[in-house]
Amino acid sequence: MSSLRPSRAALHRSGPLLALACVLVGSLSIQLSAVLSSSLFTTVGVLGVSGLRMAIAAVVLLALARPSLRGRPPRAWAGIVLYGVAMAAMNVLFYNAVAHLPLGFAVTLEFLGPLAVAAFGVTRRRELALPALALLGVLLISGPGGEADLVGILFGLGAAVAFGAYTLLAGRVGQDTGGLDGLALSVAVGAVLLLPFSATAAPRVDGTGWGLLAASGVLGVALAFSLDFLAVRLSSTRVVGTLFAMDPVMGALVGALALGQSITAPAVTGILLVSAAGAATIWVAGRGERPGGSAREVGV
């Protein structure tokens with residue numbers, strides 16, 4: 001459980017496909033956890049739920065990885081702390097954006113972060129078409145609209161920066177630690193940063209609520225973050241940055257199946273575009289990209 005170092009030769013071709021599987025399962029976990037915890041938003045608060053989920057995930061990951069606090073160089077600790085800060089900031093900024101903007105608009109703004117990572121990681125200009133195609137698909141799925149709120153837009157752009165940093169730092173922490181121990185410490189940092197929200201929210205949680213939070217924390221944070229972390233180790237930040245466009249796809253599908261929400265014709269078109277962008281990204285990466293390559297190329 002302590003090592004996530006794949007053989008680079010063995011994963012030269014299969015790594016991007018395995019990364020897609022990780023992103024898809026992680027995205028499904030996030031959407032299911034949202035369904036489980038959404039009933040607690042009115043009583044516990046969105047940020048309270050987010051903080052408590054992070055705390056539960058930290059306990060689970062620390063128990064599994066049992067990381068040592070000794071023998072880590074300053075660079076490794078810097079990456080771990082920054083990764084945790086990105087996790088906490090991503091949660092707080094995104095939920096504040098949702099409070100001011102339509103969900104689709106907020107999701108689209110947040111996706112600009114990993115999209116930028118994917119765009120900056122390309123080695124040939126024509127490959128810029130792939131993240132651009134993914135963005136178009138996200139726009140169609142999310143259906144951004146409604147009145148533009150400057151405060152909400154600023155929160156959304158802040159969430160994009162945090163999501164981009166989260167994507168890049170997954171590669172850095174993975175290279176410095178090679179296992180779940182670095183991820184566990186980063187989630188613990190994020191949990192500590194969100195402690196002001198979780199500590200004040202905990203008294204408002206009843207027995208059933210703790211069960212929902214436990215399931216949500218394991219699925220939506222511990223499992224999802226672990227799979228994102230592994231996906232970058234299996235491929236690169238460029239590939240995973242594009243594949244994160246699968247999040248709104250999975251959200252639309254889970255909403256239709258679990259919540260009875262309808263999928264519009266533009267959303268179906270968007271799902272097809274995102275799928276095409278993901279398939280093309282995997283094909284291009286499988287032809288010549290080394291696992292973890294983009295993280296080194298951008299100096300992470």
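Residues numbered from 1 in each chain as written. Predicted model: local features only at pLDDT ≥ 70, side-chain atom pairs only at ≥ 80, totals over all residues. Heavy atoms only, no water.

J.: How should I be thinking about the nonpolar core in this particular structure?
T.: For soluble globular proteins, the rule of thumb is that nonpolar side chains tend to be buried together. Of all hydrophobic cores here, the largest spans 53 residues; its most connected members are Met 54, Tyr 83, Met 87, Tyr 166, Leu 183, Val 187 and Phe 225. If one sorts the elements of this core by residue count, helix H10 (residues 207–234) sits on top with eight residues. Val 187 has contacts with Met 54, Ala 57, Ala 58, Leu 61, Met 87, Val 221 and Phe 225, leaving out every residue within four places of it along the chain. One finds Leu 40, Val 49, Ile 56 and Ala 201 within the second-largest nonpolar core, a separate group that totals eight residues. (Core = buried A, V, L, I, M, F, W, Y, C linked by side-chain atoms within 4.5 Å. Buried < 20%, exposed > 50% of the residue type's maximum accessible area, 1.4 Å probe, protein only. Helix = DSSP H or I, 4+ residues; strand = E, 2+ residues; numbered from the N terminus. Contact = heavy atoms within 4.5 Å.)

J.: Would you mind going over the environment of Thr 43 with me for this structure?
T.: Within the element layout of this structure, Thr 43 appears in helix H2 (residues 41–44). In this structure, the C-alpha to C-alpha distance between Thr 43 and Gly 209, residues 166 residues apart in sequence, is 9.8 Å.

J.: Would you mind showing me how to read the packing of helix H8 (residues 180–193) against H10 here?
T.: A pair of packed helices is characterised by two quantities: the angle between their axes and the separation of those axes. Taken N-terminus to C-terminus, the directions of H8 and H10 make an angle of 130°; their axes are 11 Å apart at the nearest point. By the criterion of interaxial angle, the relationship of H8 to H10 is oblique. The two elements H8 and H10 meet at a crossing, and its hand is right-handed. For the pair formed by H8 and H10, the contact residues are Leu 180, Leu 183 and Val 187 on the first element and Val 221, Phe 225, Ser 226 and Phe 229 on the second. (Axes fitted to C-alpha atoms, helices over the stretch in contact; angles between N-to-C directions. Parallel < 35°, antiparallel > 145°, perpendicular 65-115°, else oblique. Left-handed = near helix turned anticlockwise from the far one by under 90°.)

J.: Before we go on, may I ask you to explain the side chain of Thr 167 in this structure?
T.: Secondary-structure assignment places Thr 167 in helix H7 (residues 150–177). Within the structure, Thr 167 has its side chain in polar contact with the backbone oxygen of Phe 163 (distance 2.9 Å). Setting aside anything within four residues of it in sequence, one finds Thr 167 in contact with Pro 114, Val 117, Val 232, Thr 237, Gly 241 and Phe 244. (Polar contact = N/O pair within 3.5 Å; in protein donor to acceptor, adjacent residues only side chain to side chain.)

J.: Is there a simple way to explain the environment of Thr 177 in this structure?
T.: Relative to the assigned elements, Thr 177 resides in helix H7. You can call Thr 177 buried: its relative accessible area is 16%. Each C-alpha atom, one on Thr 177 and one on Ile 80, is 9.3 Å from the other, the two residues being 97 residues apart in sequence.

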